[in-house]
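Chain by chain, the residues run as shown.
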Amino acid sequence: MSHGYFIELILLLATSVFIVWFFKHIKLPPILAYLVTGIIAGPHALALITSPEEVALVAELGIVFLLFSLGLEFSIPKLIAMRHLVFGVGSAQVIITLLLVMGVCYFMGNNGTTAFVIGCTFALSSTAVVVKSLNENGITQTKRGQIAISILLFQDIAVVPFLIAMPLLASNGGENVVVALLLALGKGAIVVAILLSVGKWILPKVFNQVAQVRTDELFVLTAILVTVMAGTLTSFFGLSMALGAFLAGMMLSESQYKHQLEADIRPFRDILMGLFFISVGMQLDINVMSREWHWILIGLITLLVVKTIVIKQLAVMSGETRNDGLSAGLMMFQLGEFGFVLVALAQQLNIFSAELSSTLIGIGVLSMAITPSIIANNTQIVDKLDKIRGKQDGGYDETPNANFETKLKDHVVICGFGRVGQTVSRFLKSEAVPYVALDVDPVRVSEAQAAGENVQYGHARDKAILQSAGAVDARLIVITFGDLDKAHVVIKNVKELNSSARIMVRTKTDENLKEILEDGADQVVPEALEGSLMLVSQVLFESGVPMSRVLKRIRKERENRYGQLHGFYPGDVTEVTADRRDLLEYIHAIAIPLDAFAVKRTLAELNLTHRRVEVVGLRRGGEELALPDEHTVIEALDTIIIKGKPRRVERVERYLMTG
C-alpha cells in the first residue's frame, strides 16, 4: 500500500480529533463535528482525501451497525405501552409531513421519486440530538418530552420502509410508486420470516456456545458476523443491508445477550458512523451552499414551521395541551441523522444531484446546530409566543408550581423514590419517622400513592417543589439519585431556602466526594465503599474482633473519608474505563535499583507528598516498614509502595529512577 494512504488517514484522524474536541467544548453534537470534518477534508475544501468514494464504501458499514443497535433497542412491550402517541401522533406526523413537503417539491418541478425522498428526509428528526438534549435538561419524563420520544420511536420504525423503498423507486424511474412499495414490503416479509426463524431456532444456540467459551474476542466477532450476514441476506433480495441489520438486532433484543451485544457493537458503530458522517460532509459543496444560501434558509424556515405546526396540531387532537404540543414541535423540527443517510443513498442512486444533496445537508447541519439551544429554552420560547399571540395555556405548568404542600415539621425529604429511596422510606416508616418523597416517574408515584406512601410528583431540583415538600422545616434532606449535576442543583436550592436541614447525598463511588462536600452537603455516602465497609465489618466480627471495636473502626473510616478503601493494585483484567482512569488511586510497588536517583536520599528530601502521592510502605530485606517516617533513608534494592492517581504514580516512578 502506498504511504500516501497512511498520510491521508493520519490527516483525516487528526482533523476529526481536533474538531470533535472543539465541538464538545462548545456543546454541539459530535454528528456536526464529523460533518464539518468531511467538509474540510473533502474535495471542495482542503482535499485531504483523494478518493472519497472509498471512504463512503467503508462508511456504509456504519449504517449497518447503527440499524443493528436500533433493532436491539426495539422493544415490543415499550411500543405497546406508548401506542397511543407512537402510532397516533407519530405515524400521523411522518405521513402528513411527508405528503406536505412532497406536494410542495412536486409543485416546484421535481419528479415523484425526488419529491418523495425529500419528503421522507424532512419527516425525520434527530434521535441522537433530541434524546441527549432532553436528558441534559431533565425533561425526558415531562409530557412534552414523552410526546417527542414517542414520535422519534415511530420515525425510527419508519426509516426501515424508507430504506427498502428507495432502491426500488430509483430502479423504475419513479413510476408506479404504490406498486414499488408493495413489492418492497412483500420482499421484506419474506426476509423477515427467514431471519425471525433463524433468530428463534439457531442464533440462541450459537450465542450459548460462544458465551460458554468465555472469550470476549469470539463474542464480538460473532456479533459482527451475524450483523453482516443478515445485511448480506437482505441485499440478495435487492433490499437495503441496513434492513437486515435492523432485523438481526430485533431478533436479539429480547435475548439475555442484548446488553453485551450493544456494548460490543458500540465502538464499531460509533467509529464507522463518524466515518459515515465524514463521507456525507465530503459531498457538501461550500460553493453550492454560498450560492444557494437563500434556498437553505427557506428550507430551514419551512422545516421549522411545517413540523412544529403539524406536531402541535396532532398533539392537541390527541388530547394534549397546546403548549406541550408546541414545545414538542419545536424540539423535533430538525433533520435527523437518518435524513443524512437517505440523502447519501439518494445521491448514490442518482435520485439527487450533488447540488440538491449539498443544499439538504446544509439545511440539516444548521437545524441540528440550533436544536440544543431551542430545547434548553423551549419553555421561554413558548411563553414569548403566547405573549405575542395574547394567549395563555393554563395547563402548561408541569412542575415548578407544585399541586401539593406538606404540613410536616422536623421530617425527612427523600429526593428520588427509586430502589434506594424506597428502602430508606421503609426503615423510616418502621421507626415512625415522618417523611415525604419526591419523584418524576408518574407511574411509580401513582403506584406508591395507591399503596399509601407519602410520595409526590415533582422535580427535586425545582425550588418551589422543595419548598412545598417542607425543606425549610425538615430535619434531613436525602438525595438518592446518582445524577451529580442534579444533586448540585438540589443542594444549591436547599441552601438558598435558608433551610437548617442536614443534607445527605448518595453516590455510586467517592470520585466526587470532595466536590459535593464543598457544595454544602453534610454527608456523602458512596454506595460501593459502604458495601465494602459492610463486608469488612462482617469479616472482622466473624474473625473474632469484638463488635464494639468493629463499629469504632467503621465510624473512624467514615470520618476519615474512607481513606483505607482508596487505592488498589491494578492488573491486566482490571476493568477501568478511560474516563475514570484518572479518578481512581493505584497502589504501586517500585523496586529501587543500584544506580537510582532515590538511593541515599531521605523521604523528606524526595518530598513525594509535594508530588501528590502517599508512601504507604517500604520493604527492605524481605521485611516491611509500615508508614516509614520522613527521615527514612532509601537504600538500593528497597521497594517503595506508593498510592496515588495513575499519572502521578507514573511520574513519581520516573522521578525516583532519574530525578
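Not measured: the values here are computed from a predicted model. (Residues numbered from 1 in each chain as written. Predicted model: local features only at pLDDT ≥ 70, side-chain atom pairs only at ≥ 80, totals over all residues. Heavy atoms only, no water.)

Chemist: Explain the pattern of salt bridges to me, please; I cannot follow it from the model alone.
Modeler: Opposite charge on two side chains permits them to pair, given that their charged atoms come into close proximity. Counting across every chain of the model gives 14 salt bridges. Measuring nitrogen to oxygen at the nearest pair gives 3.4 Å for the salt bridge that ties R419 to E527. With a gap of 108 residues between them, R419 in helix α20 (residues 419-430) and E527 in helix α25 (residues 527-542) connect regions that are remote in the sequence. The exposure class assigned to R419 is exposed, which follows from its relative accessible area of 59%. (Salt bridge = Lys/Arg side-chain N within 4 Å of Asp/Glu carboxyl O. Helix = DSSP H or I, 4+ residues; strand = E, 2+ residues; numbered from the N terminus. Buried < 20%, exposed > 50% of the residue type's maximum accessible area, 1.4 Å probe, protein only.)

Chemist: Sorry, what's going on with the packing of aromatic side chains here?
Modeler: How two aromatic rings sit relative to each other is set out by the distance from centre to centre and by the angle between their planes. Counted under the stated rule, the structure contains seven aromatic pairs. For R601, the ring lying beneath its charged end belongs to F597, and the centroid distance is 4.0 Å. Here the basic side chain of R611 rests over the ring of Y655, its NZ or CZ set 3.6 Å away from the ring centre. (Phe/Tyr/Trp six-rings, centres within 6.5 Å; stacked < 30°, edge-to-face > 60°. Lys NZ or Arg CZ within 6 Å of the ring centre and 35° of its normal.)

Chemist: Teacher, can you tell me more about the pairing of strand β10 (residues 639-644) here?
Modeler: Two faces, one strand: in a regular strand the side chains alternate between the faces of the sheet. The buried fraction of β10 amounts to five of the six residues, a majority that puts the element mostly inside the structure. Here strand β7 (residues 586-591) runs beside β10; their pairing, made up of six bridges, is antiparallel. Bridging across to β10, I590 finds its partner in I640. (Pairing = 2+ DSSP bridges.)

Chemist: Please clarify how a positive patch on the surface should be interpreted in this entry.
Modeler: Taken together, R549, K552, R553, R555 and K556 make up a surface patch of like positive charges. Counting through the fold element by element, K552 comes out in helix α26 (residues 547-559). Taking relative accessible area as the criterion, K552 reaches 57% and is therefore assigned exposed. (Patch = residues over 30% accessible without salt bridge, like charges linked within 9 Å, V, L, I, M, F, W, Y side chains within 5 Å. Areas by Shrake-Rupley, 256 points an atom, 1.4 Å probe, with all protein chains shown as cover. Lys, Arg positive; Asp, Glu negative; His and termini not counted. Charge placed at Lys NZ, Arg CZ, Asp CG, Glu CD.)

Chemist: Looking at this structure, I do not really get a negative patch on the surface. What am I missing?
Modeler: There is a patch of like negative charges on the surface, built from D483, D485, E515, E518 and D519. When residues in the negative patch are grouped by element, the largest group, three residues, is from helix α24 (residues 513-519). Positionally, D519 belongs in helix α24. A relative accessible area of 35% means that D519 is categorised as partly exposed.

Chemist: What's the story with the side chain of E8 in this structure? I'm lost.
Modeler: Note that E8 resides in helix α1 (residues 3-25). Within the buried set, E8 has no salt-bridge partner at all; the shortest N-O distance to an opposite charge, 25 Å, is to R291. Setting aside chain neighbours within four positions, we find E8 in contact with L48, I49 and T50. (Contact = heavy atoms within 4.5 Å.)

Chemist: Would you explain the packing of helix α5 (residues 83-107) against helix α8 (residues 143-171) in this entry?
Modeler: For any two helices packed against each other, one specifies the inter-axial angle together with the distance between the axes. Orientation of α5 relative to α8, taken along the N-to-C sense of each, is 60°, at an axis distance of 8 Å. As the angle between them shows, α5 and α8 are arranged oblique. As α5 packs across α8, the resulting crossing turns out to be right-handed. Along the contact surface, α5 presents L85, V86, F87, V89, G90, S91, Q93, V94 and L98, while α8 presents Q146, I147, S150, I151, L153, F154, Q155, A158 and F162. Partitioned by chemical class, the residues of the contact of α5 with α8 number 12 nonpolar, six polar and no charged. (Axes fitted to C-alpha atoms, helices over the stretch in contact; angles between N-to-C directions. Parallel < 35°, antiparallel > 145°, perpendicular 65-115°, else oblique. Left-handed = near helix turned anticlockwise from the far one by under 90°. Nonpolar A, V, L, I, M, F, W, Y, C, P; charged D, E, K, R; others polar.)

Chemist: Looking at this structure, I do not really get the packing of α5 against helix α6 (residues 112-123). What am I missing?
Modeler: In contact at an axis separation of 7 Å, α5 and α6 are set at 140° when each is read in the N-to-C sense. If you check the angle between α5 and α6, you find them oblique. Our pair here, α5 against α6, has a crossing hand that is right-handed. Within the contact between the two elements, α5 uses Q93, V94, T97, L98, V101, M102, C105 and Y106 and α6 uses G112, A115, F116, I118, G119, C120, F122 and A123. Across the contact of α5 with α6, the residue classes break down as 12 nonpolar, four polar and no charged.

Chemist: It is not clear to me how the nonpolar core should be interpreted in this structure. Could you clarify?
Modeler: Counting residues in each nonpolar core, the largest one holds 99 residues, and the members touching the most others are F276 and F340. Per-element accounting of this core gives the leading share, 11 residues, to α8. Among residues more than four places away in sequence, those in contact with F340 are I31, L35, F276, F277, V280, I361, G364, V365 and M368. (Core = buried A, V, L, I, M, F, W, Y, C linked by side-chain atoms within 4.5 Å.)

Chemist: It is not clear to me how unusual backbone geometry should be interpreted in this structure. Could you clarify?
Modeler: Leaving glycine aside, a negative phi is the common case for residues, and trans is the common case for peptide bonds. Of note, the phi angle at N607 is positive, near 50°, even though the residue is not glycine. Its identity is not glycine, yet R612 carries a phi of approximately 60°, on the positive side. Of note, R612 is situated in the loop between α27 (603-606) and β8 (614-620).

Chemist: Help me understand the sheet that holds strand β2 (residues 435-439), please; the structure alone is not making it clear to me.
Modeler: Each strand in a sheet pairs with its neighbour through backbone hydrogen bonds, running either in the same direction (parallel) or in the opposite one (antiparallel). Here we have six strands laid out as an open sheet, ordered β3-β2-β1-β4-β5-β6, and parallel in their pairing. Of all strands in the sheet, those bounded by a partner on one side alone are β3 (455-457) and β6 (523-526). Averaged over all adjacent pairs, the angle separating strand axes in this sheet is 20°, with direction ignored. The pairing of β2 with β3 spans three bridges and is parallel. Across the sheet, the residue bridging to A437 is V455, located in β3. Across the sheet, α20 lies against β1 (412-415), β2 and β5 (502-507), angled at about 160° from β1, the strand it touches most.

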